[in-house]
Each structure stands twice: as structure tokens, then as C-alpha cells.
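Reading the structure
Now for the letters of each chain:
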Amino acid sequence: MLTLFRQGTLAALLICGISFSAGAASIKTGSIAEQQLRHIATYFPGRMAGSPADMLTADYLQQQFTQLGYHSNQRRFTPRYAYQHQSGDVTWRNVNATSVIAAREGQVAQQIVIIAHSDSWTPHNDTEMQNNLGGLTNQGVNDNASGLGVMLELAQRLSAQPLHYSLRFVALSGEEIGHQGSEDYISRMTPEEKRNTLLVINIDSLIMGSQLTFTSGSKTPKAVARQTRDRAQALARRLGIRSTAQTASEESPFDHAGFPLLSVNASDAPSGKLPRSITLHFPVALRHQAQRDNLAYIDRWLPGRITHRAHDSVAVLLPLIRELANP
């Protein structure tokens, strides 16, 4: 029954979904990312790992990548997470999560991996449920339909790009329950794939912060950081895009596994510099809330932000990846 529902719903969504055109090069930078962001947020709210929306999102992403000519497949895995009840009892919940991988081969096997998590926030306790933190109604515009939208525009614009190094796009589920999507992906890599991975670029939560932030992994060699983080910062400055660069203070799973890493997200300027209207409507601790991380709320209180941030993210990442893929 679920399979028939899933197939029927997916067919309907694909009919009204976004079709890629051959003339994408003439489309304004960031417009595809914004369209995809709005489509994913509208049609796939509540993308919690293992939920029906998680499966439908995976089907949609795979269809989009396949349409662009990428070799794409889904990977299902069974993470679990601890849920704490008001009584103090803790139970373990098992879920069936679905990640999507799309690949395009270059002249050599060495590859650049571009990731964005596809799942939205999963409540971990009764308090989060009562505060509407995540859950079935959460559109997850910032976290992380924004990353998925930018990923899909990059995939489209790079689909016909001559490549020296191979490209791999990965939409990871299970990231909001302890980065288990990253751990599953890394665990399935062969020793050869690990040796051939030159760089991982993680795109996440691009909307709500006041500036783009380029962060090198805590173990990323300085030479690689200069070619990636510092180069991204230079491109942003050239384009007049507000941004900052830093080095991660904590290890991510990709850091821990020894991969060079560049993370791209939005962060706030130092406290005291943000307008009170922003801190009032977007308190940091509440940004996973379904009543805030949605299109209507963000368009009202941050008018134009989605359009501008989609443009800025693609405007920096596209030339950066082109340079890195064709040294």
C-alpha cells in the first residue's frame, strides 16, 4: 500500500515539478536554486529521516539528477536515535533513511564530493515536540532545502562542463540524528574511493545568517584551505558578497575520516551588529521551529533574502568548483 502511495504521489509531484532545460546557461544565477528550494519546501515538508517525506524527497532528487544525465542511485540505511520522554525514560527509535548519490565521471578517477543533507530536524524529546521544533509540518527552508536547491543548480550548470576530476553529488539523510548519513556514506566507500577523494564540499543552512561563511575542516591542510576556503572568500569579495572565512573548531565525520573539507553556510555577524528585528524574529536557539523555518515567515521578515542568498551561493561555488575540477 505504501509503495503504491509513494509511486502515485511521486508521479504527481514530478508532473508539477521542475524540468531542466537545455538553455540553463542563460537563466539568472541562483534562480534554479530558488525554484528548487521553494518546490522542495512546499511539497516535501517534514523530511525527517525515515519519514514518507524523506523517501519522496529521495525519489524526487534522484529523478532530477537522472534527468541531467548523472548516474544516480539511492542508498537506504537504518540509523537509530535516542528519544527522551518527559518521564525521563529514553527509548531508541529505528528509522529507514534514504540518501541519494549522483556521479559524473571526469578524465581521471579522482573526485570532488559535494554534499547537502536532505533530512529536516527530527524532534529528540517531548519538549522539542511541544515547542514545534522540527516535525511533520517543518518546511526546513533554511535547514536544508537551501542546500539542496543550490546543489541542484550546481549539478545542472556542471552537467555539460568538461571535467578533469570526477564530480559526485550526495544528498544525505540521517544528518539531523547525529550525522549518521555521513557515517553511513563514509563506511561504504572503498579504500580506492577514499584515496581518490580530493575534497568534500558541504552546503548547509544558507538563508538565516547575515553572511556566507566558508569553513575549512579542522584537519584540512593549509594549502588546500588556501585553494578552497580562501579562494571562495576572494570570489565573494570580488562580487561584493558579504562573507567570512574560518577554520572549524570541531571534527565532522568527514574531518575524522581524513578528507579535506570546505563547509558553506550562513552565520551571523558578531552580536550587537544585527538589527533588533532580526534577533527578535530569528532567535538562534529557535531556528529549527516549524513556525519560523518556512517560506511565508522568511519571506515576510527577511524579504528578498532567499533570492539573494541563492544567487550569492551559486555565484561563488560555481566558478570555484569549475576551477577545482579543471586545474
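The coordinates are above.
Moving on to the layout of surface pockets. In this model, the largest pocket occupies a volume close to 1000 Å³. Around the largest pocket sit 36 residues that line it, and His 179, Asn 202, Asp 204, Ser 263 and Asn 265 are the ones nearest its centre. Elements represented by at least two residues in the lining of the largest pocket include exactly strand E5 (111–117), helix H5 (141–157), strand E9 (243–247), helix H9 (253–256) and strand E10 (261–267). For the lining of the largest pocket, the element with the highest residue contribution is E10, accounting for 5 residues. Its residues assigned to classes, the lining of the largest pocket comprises 12 nonpolar, 16 polar and 8 charged.

Under the definition given, this model contains 7 aromatic pairs. Of the aromatic side chains, those joined through ring pairs into one cluster are Phe 65, Tyr 70 and Phe 169. Sitting above the plane of the Trp 92 ring, Arg 80 keeps its charged end 4.1 Å from the centroid. Between Arg 93 and the ring centre of Tyr 83, over which it is positioned, the NZ or CZ distance is 3.7 Å.

Cis geometry is found at the peptide bond from Asp 143 to Asn 144, where omega equals 10°. Structurally, the position occupied by Asn 144 is in helix H5. Even without glycine at this site, Asn 132 takes up a positive phi of about 60°. In this fold, Asn 132 is placed in the loop between helix H4 (126–130) and H5. By relative accessible area, Asn 132 is classed as partly exposed at 30%. Positioned with a positive phi, Ser 205 is a non-glycine residue whose angle comes to about 55°. Residue position: Ser 205 is located in the loop between strand E7 (197–203) and strand E8 (211–216).

About the cut-offs
- Residues numbered from 1 in each chain as written.
- Predicted model: local features only at pLDDT ≥ 70, side-chain atom pairs only at ≥ 80, totals over all residues.
- Heavy atoms only, no water.
- 1 Å grid on protein atoms, 1.4 Å probe; cavity = no way out; pocket = protein on both sides within 12 Å on 5 of 7 lines; lining within 4 Å.
- Points joined across faces, edges and corners; volume = space filled by probe spheres on them.
- Helix = DSSP H or I, 4+ residues; strand = E, 2+ residues; numbered from the N terminus.
- Nonpolar A, V, L, I, M, F, W, Y, C, P; charged D, E, K, R; others polar.
- Phe/Tyr/Trp six-rings, centres within 6.5 Å; stacked < 30°, edge-to-face > 60°.
- Lys NZ or Arg CZ within 6 Å of the ring centre and 35° of its normal.
- Buried < 20%, exposed > 50% of the residue type's maximum accessible area, 1.4 Å probe, protein only.

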